[in-house]
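Chain and residue survey
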Amino acid sequence: MATGRTHRPATRSRGIPEATVARLPLYLRALTALSERSVPTVSSEELAAAAGVNSAKLRKDFSYLGSYGTRGVGYDVEYLVYQISRELGLTQDWPVVIVGIGNLGAALANYGGFASRGFRVAALIDADPAMAGKPVAGIGVQHTDELEHIIESNGVSIGVIATPAGAAQQVCDRLVAAGVTSILNFAPTVLTVPDGVDVRKVDLSIELQILAFHEQRKAGEEAGPESGPPATAARAAAAVAGDRKGPDGDMPAVMPA
């Protein structure tokens, strides 16, 4: 079975737009649910609704894959599952290392969806010597001193960073120097990487702040103009930053969209 170090997905070479690539996992999730229910075919309207996009956008996205469906029948569910999985590189084995085995890192290690989607957690790595050897999700945690050896011996090209913000860039630099070319970053900081390295950032606090903005707007609309204007997101963020400290010191200011 091929590993992530010997083969990369062909989406870029085939000219598939990044926005389409970002939606392919949504289609795959919806299609997998249909497959598990033994649904043989699905219309573009039904699949678009399940994926949370409009049907015209879905048909355009699938045209990049060379899949146009059959008029009056729709799309073959099993074939689309295979086609999208292949395009995303999920028909091969992708060994992954998770660095930072705190609460979040441990939760990621215990996530059962990796293996079913083509990802194998090859190693769990932490800087705390007391964590060395402790089993998490059936895998013994290894010290960061072993990071480069672990990456080389397992052919790892995807790294997950779940460390505190202050340690994330150093970990990132070591991952890249050891040959990792794709990073999923859960640390609340922006990473600097060289050309050829892809970084996807997951920041739960930012997503919650965006939801808070929409909740505030809805509350203001329901209250009407007589109740006065709602506090701005910037003012609210400043109040939070002034009153609370994060685990790594001052909470960062909210960046404008």
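One structure accompanies this document, and this report is about it. (Residues numbered from 1 in each chain as written. Predicted model: local features only at pLDDT ≥ 70, side-chain atom pairs only at ≥ 80, totals over all residues. Heavy atoms only, no water.)

**As for the pattern of salt bridges**
Considering all chains together, one arrives at six salt bridges under this definition. For Asp 61, the salt bridge is made with Arg 23, and the minimal N-O distance between the two is 2.7 Å. You can see Asp 61 sitting in helix α3 (residues 55-64) and its partner Arg 23 sitting in helix α1 (residues 18-36), a full 38 residues away along the chain. Neither residue differs from the other here; Asp 61 and Arg 23 are each classed as buried. For Glu 148, the salt bridge identified is with Arg 174, shortest N-O distance 2.8 Å. Linking Glu 148 in helix α7 (residues 147-154) with Arg 174 in helix α8 (residues 165-177), this pair joins segments that are 26 residues apart in sequence. (Salt bridge = Lys/Arg side-chain N within 4 Å of Asp/Glu carboxyl O. Helix = DSSP H or I, 4+ residues; strand = E, 2+ residues; numbered from the N terminus. Buried < 20%, exposed > 50% of the residue type's maximum accessible area, 1.4 Å probe, protein only.)

**Things to note about the packing of helix α2 (residues 44-51) against α3**
Contact geometry of α2 with α3 gives a least axis separation of 8 Å together with a crossing angle of 100 degrees. On the basis of their axis angle, the class for α2 and α3 is roughly perpendicular. Each of Ser 44, Glu 45, Leu 47 and Ala 48 in α2 lies in contact with α3, whose residues at this interface are Ser 55, Leu 58, Arg 59 and Phe 62. The class makeup of the residues in the contact of α2 with α3 is four nonpolar, two polar and two charged. (Axes fitted to C-alpha atoms, helices over the stretch in contact; angles between N-to-C directions. Parallel < 35°, antiparallel > 145°, perpendicular 65-115°, else oblique. Contact = heavy atoms within 4.5 Å. Nonpolar A, V, L, I, M, F, W, Y, C, P; charged D, E, K, R; others polar.)

**Details of the layout of surface pockets**
When its volume is computed, the largest pocket comes out at roughly 1800 Å³. Surrounding the largest pocket, 40 residues form its lining, Pro 25, Leu 88, Leu 90, Phe 119 and Arg 200 being those nearest its centre. Looking at the lining of the largest pocket, the elements with two or more residues in it are α1, α4 (77-87), β3 (94-99), α6 (113-116), β7 (158-161), β8 (182-185) and β9 (198-201). If you tally residues by element for the lining of the largest pocket, the top one is α1, at nine residues. For the lining of the largest pocket, the per-class residue count stands at 21 nonpolar, nine polar and ten charged. (1 Å grid on protein atoms, 1.4 Å probe; cavity = no way out; pocket = protein on both sides within 12 Å on 5 of 7 lines; lining within 4 Å. Points joined across faces, edges and corners; volume = space filled by probe spheres on them.)

**Describing the sheet that holds strand β6 (residues 139-143)**
The mixed open sheet is built from seven strands, whose spatial order is β5-β6-β4-β3-β7-β8-β9. A single partner strand is all that each edge strand has here, and the edge strands are β5 (135-136) and β9. The strands that α7 touches are β3, β4 (119-126) and β6; relative to β4, the one it contacts most, it runs at about 165 degrees. Here α8 sits on the sheet in contact with β3, β7 and β8, set at roughly 170 degrees to β7. (Pairing = 2+ DSSP bridges.)

**Quick word on the pairing of β4**
If a strand is regular, its side chains alternate between the two faces of the sheet. Among the eight residues in β4, six count as buried, and that is most of the element. Sheet topology note: the β3/β4 ladder contains six bridges and is parallel. Bridge pairing in β4 places Ile 98 opposite Leu 124. In this sheet, β6 lies alongside β4 in parallel orientation, the contact comprising three bridges. Across the sheet, the residue bridging to Leu 124 is Val 141, located in β6.

Function cannot be inferred from these measures alone, as they are strictly geometric.
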